[in-house]
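# Tertiary structure, described
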Amino acid sequence: MTRLSRRRMLASLAPALGAGAVAKLGGVNFAPPASAQDAHEHTTTAPRPPVHGHGNTPDHPGFQTGGSVDHGANGFHPTELLRDFDHGKTRRLASGRVLREWELVANDGDIEVAPGVKFPAWTYNGRIPGPALRAREGERLRIRFGNGSAHPHTIHFHGIHPAEMDGLPGVGLGIVEPGKAVTYEFDADPFGLHLYHCHVNPLAEHIARGMYGAFIVDPKEGRPEADEQVMVMNGFDTNFDLENEVYAVNTVGFAYMNDPIRVRQNELVRIYLVNVLEFDQINSFHVHANFFDYFPTGTSLEPVEFTDTIMQCQGQRGILELRFPHKGKFMFHAHQSEFAQLGWMGLFEVG
Amino acid sequence: MEARTATREETGPGRLPAWLLGLIPLLLIASAVAAFALLDGPGLGDRTGPPVEELAVERTELHPGEIELSVRNDGPDEVVVSQVIVNDGFADFTSSKDSLGRLDSAKLAVRYPWTEGSAYNVRIVTSTGATIDHEIPVAVETPESDLGFYGLMALLGFYVGVLPVTLGMLWLPFVRRIDPRWLRVLMALTIGLLGFLAIDATIEGIDVAAGGSQALGGTALVFVGGIVAYLLLTAVEAWLQDRKGTDAARRDGSHVALLVAIAIGLHNLGEGLAIGSAYAVGALALGAFLVIGFALHNTTEGLAIVAPVASRPPSLARLALLGVIAGAPAILGAWIGASAFNSSLAALLLGAGAGAIVQVIQQLVPTIRERTATGQRALYPASVAGILAGFAILYATSLLISV
């Protein structure tokens, strides 16, 4: 007969502390950029068909039967995030180069990561993961970052760029205090699949709270036509004991179990897979009844492996290319059974 | 001086009735509380902290494919159970209540293919993401509470309660024959036996209370139970004395025997609880060893009942009744323990057993007094030896049983 230990008690207090901080933030001036608003309106005006949860029983893994996450309140739907690439706004510079611009805003708010379980999150543009920023090799990139959160933040991009644009506290643009804004500017280099995240201390907390996203630089010559999807593998430490309670791709546990990812038979599927999972050493991806070409970091156009399971440590990422020759439902999940049972599990439905 | 006297005289005739004087402060307090509540505690503001979510798991039942937890909200704030994780995997469950207010209880029925003998960690996830862990050290199916089961528990209670106590009472012919000096030693032995039981019950109660709802009192319940039982028995004893007249009562010792029987009965109720709940969670093997252990342990309790009535033995029927009063609660305890074990209730009952015993010891002390040239004394070499022997007997026999 266990009761809350002192540590758990304290941990249980923390989420509400976060919520309190959010409440105090009523009058922050940063409006989310148009793209995030659009996404929000889309999810609220065109609600998804009712999601049927399933119990984690021998017949069907999942959350409590009947429960569902209010994606409208979250402001994003995992199924929409999957194919939502943010190309920003472009214009041609005098030199003939393309300048690509985005606006990112940091905010605090509750995200429902499992039916009925709210997580006091810190986000880029009100969503976790943040927008999947997509550019082409050689372009000039400009990211205006406003901090509407109660906490100091930065954006640290993976890629090749000058030190002052690295989003590191104490270097270059440095920390962006609440209410302040900065503009990061650098070249899209090298091509591949990268990521961005906040780099303010305590680092683990800033990442675990949800401040990350995929950053894709397409090669000049592009990649073959495909059904492209972005999957950010993450987790949530809802009780603040430095271990995750919920694991997922694109935030909501079991989201693609309840709402399988629809793909077409024999069509090339390209998955941009990023691991940002905090607290656990590694994460992995395994697809059932199929194999895929794996392009680690996406920096080469030649695959290095033909496999059905890969693993990534935090910050590692890679591109997966596969076709489904058979119709039906095919599971994909972390091949760490614990992560799978705690939410990182989904289905492709091939039709 | 003059003025003061005058005032008193003026108010004299118009004096308010005593009951109204008693009621006025009460009404003032009530209206102050009501005003305070209506104004929502003016000047105090809201609590600065976040919600405090606490759940106590009061009972665990395992049925095929299902783990059922009875939980009670042990904290000050509302708790919503949103998800349940069993051994690092989300599990389907139903809850008898959507949200639990303060001290509310609910049943969580978790669908899970548990296997016999395995250990399980059941983690309750609240709406804020806080978690409450509950360990099931060894999974064993909870016996169905059917007639056969109640019969088995009754038999168990009979074996460890009624039978040994009644057997112990067969010492009556022996205690009647022995020299008064030896009888006093025997009574001292009884005090030693009871003293050990009181300590044992208190420790057991504190242990059990630690596992239950703290909002309902926790460890304090042991002492509440103890004090209540002590005072009630004292009142009963005083009432018996009034009825019979002190001298008569003291001479036949029958009311002392009754009080001893009640105290031992309360103690055996606690013992039955422990046995029943241990059996229900599969922590108890119902072997001959256990029964023999309890028989030896509880036989001495029979001796404690008959010792006070050595000089004037009551009728056989009355003796049998005393045996039932002392032993039968073990059956009741086993039923409650196996089918509706609740830590808070168990702590209260164990405390009551201890309190009753303390009261009875107080009753027995006069019977071991010996006259000396200067007066009376209760503690002398022979009585101390008796008390210590009582302790030693129960310590040794308690080694035979572990529940």
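Check the entry above for the structure.
Residues numbered from 1 in each chain as written. Chains lettered and ligands numbered in written order. Predicted model: local features only at pLDDT ≥ 70, side-chain atom pairs only at ≥ 80, totals over all residues. Heavy atoms only, no water.

This part covers the overall build of chain B. Along the backbone of chain B there are 13 helices and 11 strands. The 403 residues of chain B split such that 48% are buried. Within chain B, residue pairs in contact and separated by at least 24 positions form 74% of the contacts whose partners lie at least 6 positions apart. For chain B, the accessible area works out to roughly 19,200 Å², and carbon and sulfur atoms hold 65% of it. (Helix = DSSP H or I, 4+ residues; strand = E, 2+ residues; numbered from the N terminus. Buried < 20%, exposed > 50% of the residue type's maximum accessible area, 1.4 Å probe, protein only. Contact = heavy atoms within 4.5 Å. Areas by Shrake-Rupley, 256 points an atom, 1.4 Å probe, with all protein chains shown as cover.)

With 21 residues, helix H2 (residues 18-38) of chain B extends 31 Å between its outermost C-alpha atoms, agreeing within 8% with the 30 Å of an ideal straight helix rising 1.5 Å per residue. Of the residues one or two after H2(B), B:Asp40 is the one with positive phi, at around 60°. (Expected span 1.5 Å × (residues − 1).)

Residues and elements named next belong to chain B. A rise of 1.5 Å per residue sets the reference length of helix H10 (residues 316-327), with its 12 residues, at 16 Å; its end C-alpha atoms lie 16 Å apart and thus fit the reference within 8%. Of all the residues in H10, the buried ones are Leu319, Leu322, Gly323, Ala326 and Gly327. Summarising the axial view, the buried residues of H10 lie within an arc of 115°, below the 170-degree limit, and thus occupy one face. (Arc of directions from axis to C-beta.)

Another aspect to go through is the environment of B:Leu26. Residues and elements named next belong to chain B. For Leu26, the position within the fold is in helix H2. The exposure class assigned to Leu26 is exposed, which follows from its relative accessible area of 55%. Taking the C-alpha atoms as reference points, Leu26 and Gly390, 364 residues apart in sequence, are found 52 Å from one another.

Residue and element names in this part refer to chain A. Taken in spatial order, the five strands of this open sheet run S1-S5-S10-S9-S7, and their pairing is mixed. Pairing within the sheet leaves two strands with one partner each, and these edge strands are strand S1 (85-86) and strand S7 (156-157). Pairing between S1 and strand S5 (residues 130-136): two bridges, direction parallel. Bridged to Phe85 within S5 is Ala132. (Pairing = 2+ DSSP bridges.)

The next point concerns the pattern of salt bridges. The tally for this structure, following the rule as stated, stands at 24 salt bridges over all chains. Residue A:Arg100 pairs with A:Glu139 through a salt bridge whose shortest N-O separation is 2.7 Å. In this pair, A:Arg100 is assigned in strand S3 (residues 98-114) and A:Glu139 in the loop between S5 and strand S6 (140-147), connecting sequence segments 39 residues apart. Given a relative accessible area of 11%, A:Arg100 falls into the buried group. Accessibility expressed as a relative area gives 7% for A:Glu139, which makes it buried. In this structure, B:Glu370 and B:Arg377 form a salt bridge, with 2.9 Å as the shortest nitrogen-oxygen distance. Residues participating in the shared-partner salt-bridge network are A:Arg91, A:Arg97, A:Glu101, A:Arg140, A:Arg142, A:Glu185 and A:Asp187. (Salt bridge = Lys/Arg side-chain N within 4 Å of Asp/Glu carboxyl O.)

Together, B:Leu155, B:Phe158, B:Tyr159, B:Leu163, B:Leu167 and B:Leu170 make up a nonpolar patch on the protein surface, roughly 530 Å² of accessible area in all. Secondary-structure assignment places B:Phe158 in helix H3 (residues 147-168). (Patch = residues over 30% accessible without salt bridge, like charges linked within 9 Å, V, L, I, M, F, W, Y side chains within 5 Å.)

What follows covers the packing of helix H8 (residues 254-280) of chain B against H10(B). Residue and element names in this part refer to chain B. Packing of H8 against H10 leaves a shortest axis separation of 6 Å and a crossing angle of 30°. Here H8 lies roughly parallel to H10, going by the angle between them. The segment H8 lies against H10, with Ser254, Ala257, Leu258, Ala261, Ile262, Ile264, Gly265 and Asn268 engaging Arg318, Leu322, Ile325, Ala326 and Gly327. A class-by-class count of the residues in the contact of H8 with H10 yields eight nonpolar, four polar and one charged. (Axes fitted to C-alpha atoms, helices over the stretch in contact; angles between N-to-C directions. Parallel < 35°, antiparallel > 145°, perpendicular 65-115°, else oblique. Nonpolar A, V, L, I, M, F, W, Y, C, P; charged D, E, K, R; others polar.)

All names here are of chain A. Ordered in space as S12-S11-S14-S19-S16-S17, the six strands form an open sheet in which the pairing is mixed. Looking at the sheet topology across the chains shown, the edges are occupied by strand S12 (246-249) and strand S17 (305-307). Sheet twist, expressed as the average angle between the axes of neighbouring strands with direction ignored, equals 25°. Sheet topology places strand S14 (residues 269-275) next to strand S19 (residues 317-322); six bridges connect them, and they run antiparallel. Looking across to S19, one finds that Val274 is bridged to Arg317.

These figures capture arrangement, not role.
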